[in-house]
Amino acid sequence: MTLNDVQIIQLPRFLDERGNLSFFENDKQIPFTIARTYWIYDVPGGEERGGHAYTDLQEFIVAISGSFDVVLNDGHNKKTYSLNRSYLGLYVPKLIWRHMENFSTNSLALIVSDKEYDASQYIHDYDEFKRTKRHE
Ligand code: TYD
């Protein structure tokens, strides 16, 4: 997997005087079936989240409210994706090192994943990540 496999996905938007609506469904707007949903909120200013990769797990990240940056690294290249629209999501395949930063006040990061939580999926050590990428 490289940064070329990462995608910003524009979700459907129903613009309405009563307020707007967006959505995503399994294997339609997002390229996997959801097994887990979690969200990150009340992040104090200046804090970072993440700082790891997953061996075999995909995610889709939406800034439902506010904004934050997702910094992705495939072992060769690094790119920062600024998420600040509730109709845009970031698809992150497996084996991409990532962290999240620059959370705005009251931001809300919604993350869906194709696997249930499993601590053994995490690669926390960057050197181990680089070694894993060499054998990918
Ligand atoms: P962690 O993965 O360290 O957060 P991040 O990498 O985004 O900074 O998760 C923090 C804690 O929450 C950790 O003890 C594991 C737990 N956790 C779950 O139990 N289920 C989940 O789906 C997630 C993402 C985390």
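Relevant structure appears above.
Conventions used here
Residues numbered from 1 in each chain as written. Predicted model: local features only at pLDDT ≥ 70, side-chain atom pairs only at ≥ 80, totals over all residues. Heavy atoms only, no water. Helix = DSSP H or I, 4+ residues; strand = E, 2+ residues; numbered from the N terminus. Rg over C-alpha atoms; globule rule 2.2 N^0.38 Å. Buried < 20%, exposed > 50% of the residue type's maximum accessible area, 1.4 Å probe, protein only. Contact = heavy atoms within 4.5 Å. Areas by Shrake-Rupley, 256 points an atom, 1.4 Å probe, with all protein chains shown as cover. Lys, Arg positive; Asp, Glu negative; His and termini not counted. Charge placed at Lys NZ, Arg CZ, Asp CG, Glu CD. Pairing = 2+ DSSP bridges. Polar contact = N/O pair within 3.5 Å; in protein donor to acceptor, adjacent residues only side chain to side chain. Near = heavy atom within 4 Å. Nonpolar A, V, L, I, M, F, W, Y, C, P; charged D, E, K, R; others polar.

## Regarding the overall build of the chain
And step 1. A count of helical and extended segments in the chain gives 1 helix and 12 strands.
And step 2. The secondary structure elements of the chain, listed N-terminal to C-terminal, are β-β-β-β-β-β-β-β-β-β-β-β-α.
And step 3. Since a compact globule built from 136 residues should have a radius of gyration of about 14 Å, the 15 Å found for the chain is in line with a globular shape.
And step 4. Over its C-alpha atoms, taken along the principal directions, the chain stretches across nearly 50 × 35 × 25 Å.
And step 5. Burial status across the chain gives 39% buried among its 136 residues.
And step 6. Put simply, 77% of the contacts in the chain that link residues at least 6 apart link residues at least 24 apart.
And step 7. Counting only carbon and sulfur atoms, one obtains 44% of the accessible surface of the chain, whose full area is about 7,900 Å².
And step 8. Both charge centroids of the chain, one from 15 positive and one from 20 negative side chains, sit 3 Å from each other.

## Notes on the sheet that holds strand β8 (residues 78–83)
And step 1. The sheet built from 5 strands is open, its strands ordered β8-β7-β10-β5-β12 with antiparallel pairing. Edge positions in the sheet fall to β8 and β12 (122–123), since each has one partner strand and no second.

## Things to note about the side chain of K133
And step 1. Note that K133 resides in helix α1 (residues 126–134).
And step 2. At 2.7 Å, the side chain of K133 forms a polar contact with the backbone oxygen of L95.
And step 3. The contact partners of K133, leaving out residues within four places of it in the chain, are M1, D74 and L95.

## A short note on the site of the ligand
And step 1. Around the ligand, the neighbouring residues are R36, Y38, I40, R49, G50, H52, Y117 and Y122.
And step 2. Within the side chain of R36, an N or O atom sits 2.4 Å from an oxygen atom of the ligand.
And step 3. Here an oxygen atom of the ligand sits 2.8 Å away from a polar atom, N or O, in the side chain of Y122.
And step 4. For the ligand, the protein covers 57% of the area, taking 530 Å² as the surface of the free molecule.
And step 5. Secondary structure elements with two or more residues in the shell around the ligand: β4 (36–41) and β5 (49–54).
And step 6. By residue class, the composition of the shell around the ligand is 4 nonpolar, 2 polar and 2 charged.

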